[in-house]
Protein chains: 2
Amino acid sequence: MSERLSQFDKALLGLRSLVLSGEFTGQRRLSEVAFAERLGISRTPLRQAMDRLVAEGLLERIETGGCRVATFTPDDIADAIELRGVVEGTAARMAAERGVAEPLLADAAEVLDRIDGALRASGGVDFDEYIQANAWFHDLLARFADSPILRREIERMSLLPLASPSAFLSEQSAIPDFQDSLTYAQRQHRAILDAITNREGARAEALTREHARLALSNFTYLTEQQPMLAKRVPGLALVASE
Amino acid sequence: MSERLSQFDKALLGLRSLVLSGEFTGQRRLSEVAFAERLGISRTPLRQAMDRLVAEGLLERIETGGCRVATFTPDDIADAIELRGVVEGTAARMAAERGVAEPLLADAAEVLDRIDGALRASGGVDFDEYIQANAWFHDLLARFADSPILRREIERMSLLPLASPSAFLSEQSAIPDFQDSLTYAQRQHRAILDAITNREGARAEALTREHARLALSNFTYLTEQQPMLAKRVPGLALVASE
DNA sequence: TCGGAAAAAATTGTATACAGAAAATCCTAA
DNA sequence: TTAGGATTTTCTGTATACAATTTTTTCCGA
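Residues numbered from 1 in each chain as written. Chains lettered and ligands numbered in written order. Predicted model: local features only at pLDDT ≥ 70, side-chain atom pairs only at ≥ 80, totals over all residues. Heavy atoms only, no water.

Caption draft 1: Quick look at the protein's contact with DNA strand D. In the vicinity of DNA strand D there are 17 residues, among which Arg43 and Arg47 of chain A together with Gln7, Ser42 and Thr44 of chain B approach most closely. In the model, a phosphate oxygen of DNA strand D is placed 2.4 Å from a nitrogen or oxygen of the arginine 47 of chain A side chain. With respect to DNA strand D, the side chain of threonine 44 of chain B contributes an N or O atom lying 2.7 Å from a base nitrogen. Of all elements in the fold, only helix H3 (43–56) of chain A together with helix H1 (7–21) and helix H3 (43–56) of chain B reach the threshold of two or more residues within the surface near DNA strand D. (Near = heavy atom within 4 Å. Polar contact = N/O pair within 3.5 Å; in protein donor to acceptor, adjacent residues only side chain to side chain. Helix = DSSP H or I, 4+ residues; strand = E, 2+ residues; numbered from the N terminus.)

Structure follows, in structure tokens:
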């Protein structure tokens, strides 16, 4: 089961995790040689990985050469979350319009049951399970419409860690009534799946957008109440919007 | 004014234009050495350019190594056009909600006048002018909301040449009442700008989506009426959806 | 003539060398 | 002491060499 990793894969995984660790979140240029040595590979595949991370938006090019960790304002993150909701909403609408293959629907129902289980776990909510199952549901949503284009774009948007639905989940436990928020989110999941199953495109789209707006309001609350969140955001420099 | 191009820039521009020329639209693997020689550069920057084009979606990786020109079904293109409309619609809505800086609005008004001029040119519609001004308008739309995230995503979606609003414009002259279609599109432009100026977010979004749907229906008409279009699609293998 | 194995050729993935440019350091002069 | 400039150092961008695969060709046997 363990596929042999190419040097490029090593570079990509290693570099991404280093960037997300937050260690290099200053505005300094990232040294190719330093990272290549640290990851035990040559500069060539490391450079490829840097290019990739620039394309993902995690890094940004410097005019004079090289690149640095990207910085985002809370407004940027908010936009990314909302846009993700819009695109997922489109996926939901298309899925409803076109109909979804039975097996996928069955998978979705099962995943939603798993989320219910995580919410009702003895000893409080099982966060890890919730996060995983939630990510699974959103991935299924992206596959419902059977559109490679749509799927690709949604996947791309999930790459900005802060825009993905499960980002911050651990931070979010600081939110009052957070558990209620999760329960509410799950009710939205069921409503979305219901709308899609019933071929109600407009409703499926609206519900999915609304679902993203919940994540958005949680994020907004966090950044307003806890400005120091910036320090805990995994790896990306979060810059105060003036 | 002529900025010195890096080898990578040469590779990117050259390779993209070669791919779009359609010469390599078979399913064969693109040889790195061949292209490097043809463009007069070494394999390193060419390889970077290939990576970039893969990220853009113009090329796709081959499991055993290397990459080839990507293929799209008409359904894929249709999805891309629709999705572009959705994201542009979001930009329009956000612009209306947030308000747009005066200078940008003035630019937009001017561009729309240029389009009117292109439509009323003596000796028939000035297509080149229309295409250029139209692209300009859509670029302004992407900048209206003052959101780097949104702008980036819209730009990215314009990279798939077939999804961009002006793609096919020359082909589309084969459409009956095509000139009327352009006039209608321009009326939509004005309506969109009007909605944004009046801060009517929902209307701005709906109108922008509708605008994309016009392009979509033109594309659909073309592929249905002229299956041989595939041969004339610049550079991308268009595969019949079964 | 056809199928398949073996050898040959070509191609990719990776490492590394090198030149030119940017950045850091240090020295000098006000 | 500090500003400015020259020098040194470091770094990126690019070319190229090399090894491991993959693909093609060749050749033999059925």
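We are not done yet, so read on.
Caption draft 2: Highlighting the relation of the copies chain B and chain A. By a simple turn and slide, chain B fits onto chain A: the slide is 0.0 Å along the axis, the RMSD is 0.1 Å, and the turn is 180°. Such a turn and shift between the copies fits a two-fold axis. Most of the interface of chain B is mirrored in chain A, where 100% of its interface residues are also at the interface. (Least-squares fit on C-alpha atoms with pLDDT ≥ 70 in both. Contact = heavy atoms within 4.5 Å.)

Caption draft 3: Examining unusual backbone geometry more closely. A positive phi angle, close to 55°, is found at aspartate 146 of chain A, a residue other than glycine. Its place among the elements puts aspartate 146 of chain A in the loop between helix H6 (127–144) and helix H7 (148–159). Even without a glycine there, the phi angle at arginine 199 of chain B is positive, about 60°. Structurally, arginine 199 of chain B can be placed in the loop between helix H9 (178–197) and helix H10 (201–225).

Caption draft 4: Structural context of the confidence of the model for chain A. Residue-level pLDDT values for chain A average 87, and 87% of them are 70 or greater. Of all the helices and strands in chain A, helix H11 (residues 229–232) of chain A carries the lowest mean pLDDT, 52, while helix H5 (residues 102–119) of chain A carries the highest, 96. (pLDDT = per-residue confidence, 0-100.)

Caption draft 5: Inspection of the interface of chain B and chain A at higher detail. At the interface, 30 residues of chain B touch 30 residues of chain A. Interface of chain B and chain A: buried area, both sides summed, is about 2,300 Å²; carbon and sulfur atoms make up 51% of it. Counting the contacts that link chain B with chain A gives six salt bridges. Measuring nitrogen to oxygen at the nearest pair gives 2.9 Å for the salt bridge that ties arginine 93 of chain A to glutamate 82 of chain B. Counting across the interface, chain B meets chain A through 13 residue pairs in polar contact (both at pLDDT 80 or more). For the side of chain B that touches chain A, the secondary-structure elements that each account for two or more residues are H3, helix H4 (74–98), helix H7 (148–159) and H10 of chain B. By residue number, the principal contributor to the side of chain B that touches chain A is H4 of chain B, which donates eleven residues. In the side of chain B that touches chain A, the residues fall into 13 nonpolar, four polar and 13 charged. (Buried area = accessible area lost by both parts, 1.4 Å probe. Salt bridge = Lys/Arg side-chain N within 4 Å of Asp/Glu carboxyl O. Nonpolar A, V, L, I, M, F, W, Y, C, P; charged D, E, K, R; others polar.)

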